[in-house]
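# Commentary on secondary and tertiary structure
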Amino acid sequence: MFKKTPLWKKKTVSPNDVLEKIKPGMNIFIGTGAAEPRTLVNCLMHAKGYSLQDLTLIQLISFGDAISYKALQSKRYRLKTFFSGWVSAEAISAGQVDLVPSRFSAIPLLMKEGQIPIDIAFVQITPPNRAGYCSLGVGVDVARRAMAQADLVVGEINHDIPFTLGDTFVPFDAFDMIVESIDPPFYFPRFPVDPVFDKLAANVASIIEDGSCLAFTFGPIFEALPKYLADKKDLGIHTPFFTDALMELVKSGAVSNRRKGFFRGKSLTAYALGSKELMQFLDKNPIVEFQSIDKVFTPMEIGRNHRFVFIIPVRRVDLSGRVALHNTKGHVTAGPGQMADFFNGAEISQGGYTIVALPSRNRQGNPNIRLSVEDSPDLLSLPESIDLVATEQGIAHLRGKTLRERAQALIEIAHPEDRPSLVEGAKKINILYKDQIFLADSAHFYPADIEIRHTFRDKIDVRFRAIKPSDEDQMRRLFYRFSDKAIYYRYFSPIKTMPHEKTQEYVNVDYRDVLSIVALVGKPGQQTIIAEARFAKHQNKPFVDIAFVVDEEYQGYGIATYLYQMIARLAKNRGAQGMTADVLASNRAMLKVFEKGDFPVQAKVEQGIYELTIDLTGPKS
């Protein structure tokens, strides 16, 4: 039996037949990325003829595959794009490409209003199904709008692209001409991940909560994220690009999309770029919804998702929170226009926030956190929209912080070798206090490994970590929330004020001799210190002296007991054989914490004060 030839094949023509329809001065729309109709475009790039002159190629994002920088130098074609990254960055600088500055969400309206005229649309599609519908595959883009506006619509059928679901179905009869592809789709290689980016991704993942909705793009940060997000619950996806890394995250079970406010139960995207395995995963996959960019990029739609988290890989950041974006080939999140929609969406989202992520130094060993990035190309001067900054050194919380507090927080996540010069520079330009304490050696000894999270009664979620110099204002506020009685119990005297001079001495510690643990509650970027515990080494014996205090609003939940057990464990791990503490005899609640501990306690009373000695060498009898 001979295999029946599909009816659609009778409508196919050669690429040269299509090129004969092109006239000088025409505007030709071409699909993006893996949705690029490569056979048609390759033929167009290499064909010669009088008619193939002075043509404008319109492609939202150009990845430099078929439409290469070399081809554009022929001057027969001029690329008009809305995206300043990838191949476009080099070509824009050379004057070979016209960049249209625009929010992506506004592009369909520009086309509808005739601001972006289109004469011919080249669109990649799947073979039609039995009902006579093709799928737009891996790039919904603005294909429908381009097809509606074009006088000639050409479909390139590619057997290797997935039949995706969503707003992807187009009747076969909508195409004036059909070409059968002889080229495979544009497969996108995965990025290698070095240890710095791996640690950076771990830090980013540590502040993403269950039920958050995420946007993914490309680069080593996103490649490393899935393994650190795999234990999260009910994550949602609202993303411009669906990638191999995102497929990995979905397969881990961390993504349910149950808590989304827009396309609940579906991972929403406009494009897919990745491997052959990704294409197979997306084929007729009902959990991945492809929609046009006016759905995916519109801030109000993004903001309907609670806890929307926008992660931005950047090149540099300065002490005020201004960032310099990537402007080289290989970076998809490259221009302010492409980011504005997602920035706004995160601001509108209830509980949403924006994370800027970058290594503390570049590949040449130069600092990425600087006093100023004012002279950098691709400057994004929206410091008020940056909620958190992450490096492999830690997380800086910027929302609601003064310029001084921002500078302190960012210096703490700079490379340890770069911090002294940042402190001195910030003092000179009056961002930091002139008397600001800085312990250079402590930058190398911050105990990031002790960070932990615990949920107490009434679902009070508390994060514990070592104190930082940038905690100065938070510790002052904690002090002023205490009652006179609480202050007396902690400091044994009726202290009334805690000015900058005293507080900065308290929060700047030499981690080799002193360890202070703070407890924080609240969402990322809005956390409040509600407790602190610390120990300091004795000079002449293997003991540490300990003290801790809990905000009165949070007493009675077991936080003091947890802090005591934590501080005892950390002291023992650091070689201490015992601990000492002084507690007022009237402070029965604190005495009870010591009594309930895992280690034997000896006590003697002098002048109304219990002098406690806790033995860490053996269990409680």
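## Regarding the overall build of the protein
Counting secondary structure elements, the protein contains 20 helices and 30 strands. Based on the C-alpha atoms only, the size of the protein along its principal axes is roughly 100 × 60 × 40 Å. Out of the 621 residues belonging to the protein, those deemed buried represent 57%. A fraction of 69% describes how many contacts in the protein between residues 6 or more apart in sequence connect residues 24 or more apart. Total accessible area on the protein is roughly 26,400 Å²; 51% of this is exposed by carbon and sulfur atoms. Treating the 76 positive side-chain charges of the protein as one cloud and the 71 negative ones as another, the clouds have centres 3 Å apart.

## Section: the pairing of strand β24 (residues 460-466)
Most of β24 sits inside the fold, with 6 of its 7 residues counted as buried. As paired strands, strand β23 (residues 452-456) and β24 are joined by 5 bridges and run antiparallel to one another. Across the sheet, F456 pairs through a bridge with I460, a residue of β24. Counting the residues between successive antiparallel strands, the hairpin from β23 to β24 contains 3 residues, one of them, D458, with a positive phi of roughly 60°. Both β24 and strand β25 (residues 514-521) contribute to a ladder of 4 bridges, which runs antiparallel. In the sheet register, F464 faces β25, and the bridge partner there is A519.

## Some remarks on the environment of I467
Secondary-structure assignment places I467 in the loop between β24 and α16 (472-481). When its relative accessible area of 0% is taken as the criterion, I467 is described as buried. For the pair I467 and P447, spaced 20 residues apart in the sequence, the C-alpha separation amounts to 9.4 Å. Apart from residues no more than four positions distant in its own chain, I467 is found in contact with Y446, M475, V507, V509, Y511, S516, V518 and R534.

## Observations concerning the sheet that holds β25
An order of β23-β24-β25-β26-β27-β28-β30-β29 is seen for the 8 strands of this open sheet, with the pairing classed as mixed. Pairing within the sheet leaves two strands with one partner each, and these edge strands are β23 and β29 (601-606). Here the strands of the sheet are splayed against their neighbours by 25° on average, with no regard to which way each runs. Inspection of the sheet shows strand β26 (residues 528-537) paired to strand β27 (residues 543-550) by 7 bridges, in the antiparallel sense. Opposite A536, over in β27, you have D545 as the bridge partner. Sheet contacts for helix α17 (residues 484-491): β26, β27 and β28 (578-584); angle to β27, the most-contacted strand, approximately 175°.

## What about the confidence of the model for the protein?
With 93% of its residues at a pLDDT of at least 70, the protein reaches an overall mean of 90. For residues 330-334, every residue scores under 50 in pLDDT, and the model assigns this stretch 23 contacts once sequence neighbours within four places are set aside.

## Let's talk about the packing of helix α8 (residues 220-229) against helix α9 (residues 244-251)
Two numbers describe how α8 lies on α9: the axes approach to 8 Å, and their chain directions differ by 5°. On the basis of their axis angle, the class for α8 and α9 is roughly parallel. The segment α8 lies against α9, with F222, E223, P226, K227 and L229 engaging A245, E248 and L249. Residues belonging to the contact of α8 with α9 are distributed by class as follows: 5 nonpolar, no polar and 3 charged.

## Notes on the sheet that holds strand β2 (residues 55-58)
The strand order across the open sheet built from 7 strands is β4-β3-β2-β1-β5-β7-β10, with neighbouring strands paired in parallel fashion. Since the sheet does not close on itself, it has two edges, and those belong to β4 (97-99) and β10 (177-180), each with one partner. Adjacent strand axes in the sheet meet at a mean angle of 25°, parallel and antiparallel pairs treated alike. As judged from the 3 bridges shared by strand β3 (residues 77-81) and β4, these two strands associate in the parallel manner. By the bridge assignment, T81 is partnered in β4 with L99. Contacting β1 (27-30), β2, β3, β5 (120-125), β7 (152-157) and β10, helix α2 (residues 38-46) crosses the sheet at an angle of about 115° to β7.

## Thoughts on the packing of aromatic side chains
Any two aromatic rings considered together are summarised by their centre-to-centre distance and by the angle between their planes. Applying the stated criterion across every chain, the model contains 22 aromatic pairs. Ring-pair connections join several aromatic residues into one group, and the members of that group are F104, F297, F308, F310, F342 and F343. In this structure, R534 packs its charged tip against the face of Y506, placed 3.6 Å from the ring centre.

## Let's talk about the environment of I22
Note on placement: I22 falls in the loop between α1 (15-19) and β1. Separated by 97 residues in the primary sequence, I22 and D119 place their C-alpha atoms 9.1 Å from one another. If we ignore the near neighbours within four places in the chain, the residues touching I22 are I28, L44, S51, L52, L55, I120 and F122.

## A few points about unusual backbone geometry
Although it is not a glycine, N257 adopts a positive phi angle of roughly 60°. Tracing the sequence through the fold places N257 in the loop between α9 and β13 (267-272). Of note in the backbone geometry, K459 takes a positive phi value of approximately 60° without being a glycine. Positionally, K459 belongs in the loop between β23 and β24.

## Re the packing of α16 against helix α18 (residues 500-507)
The geometry of α16 relative to α18 is characterised by a closest axis approach of 9 Å and an angle of 115° between their N-to-C directions. By the criterion of interaxial angle, the relationship of α16 to α18 is roughly perpendicular. As for how α16 packs across α18, the hand of that crossing is right-handed. Where α16 approaches α18, its residues E472, M475 and R476 are matched on the opposing element by H500, T503, Q504, Y506 and V507. When its residues are assigned to classes, the contact of α16 with α18 shows 3 nonpolar, 3 polar and 2 charged.

Each value, and the rule that gives it
Residues numbered from 1 in each chain as written. Predicted model: local features only at pLDDT ≥ 70, side-chain atom pairs only at ≥ 80, totals over all residues. Heavy atoms only, no water. Helix = DSSP H or I, 4+ residues; strand = E, 2+ residues; numbered from the N terminus. Buried < 20%, exposed > 50% of the residue type's maximum accessible area, 1.4 Å probe, protein only. Contact = heavy atoms within 4.5 Å. Areas by Shrake-Rupley, 256 points an atom, 1.4 Å probe, with all protein chains shown as cover. Lys, Arg positive; Asp, Glu negative; His and termini not counted. Charge placed at Lys NZ, Arg CZ, Asp CG, Glu CD. Pairing = 2+ DSSP bridges. Axes fitted to C-alpha atoms, helices over the stretch in contact; angles between N-to-C directions. pLDDT = per-residue confidence, 0-100. Parallel < 35°, antiparallel > 145°, perpendicular 65-115°, else oblique. Nonpolar A, V, L, I, M, F, W, Y, C, P; charged D, E, K, R; others polar. Phe/Tyr/Trp six-rings, centres within 6.5 Å; stacked < 30°, edge-to-face > 60°. Lys NZ or Arg CZ within 6 Å of the ring centre and 35° of its normal. Left-handed = near helix turned anticlockwise from the far one by under 90°.

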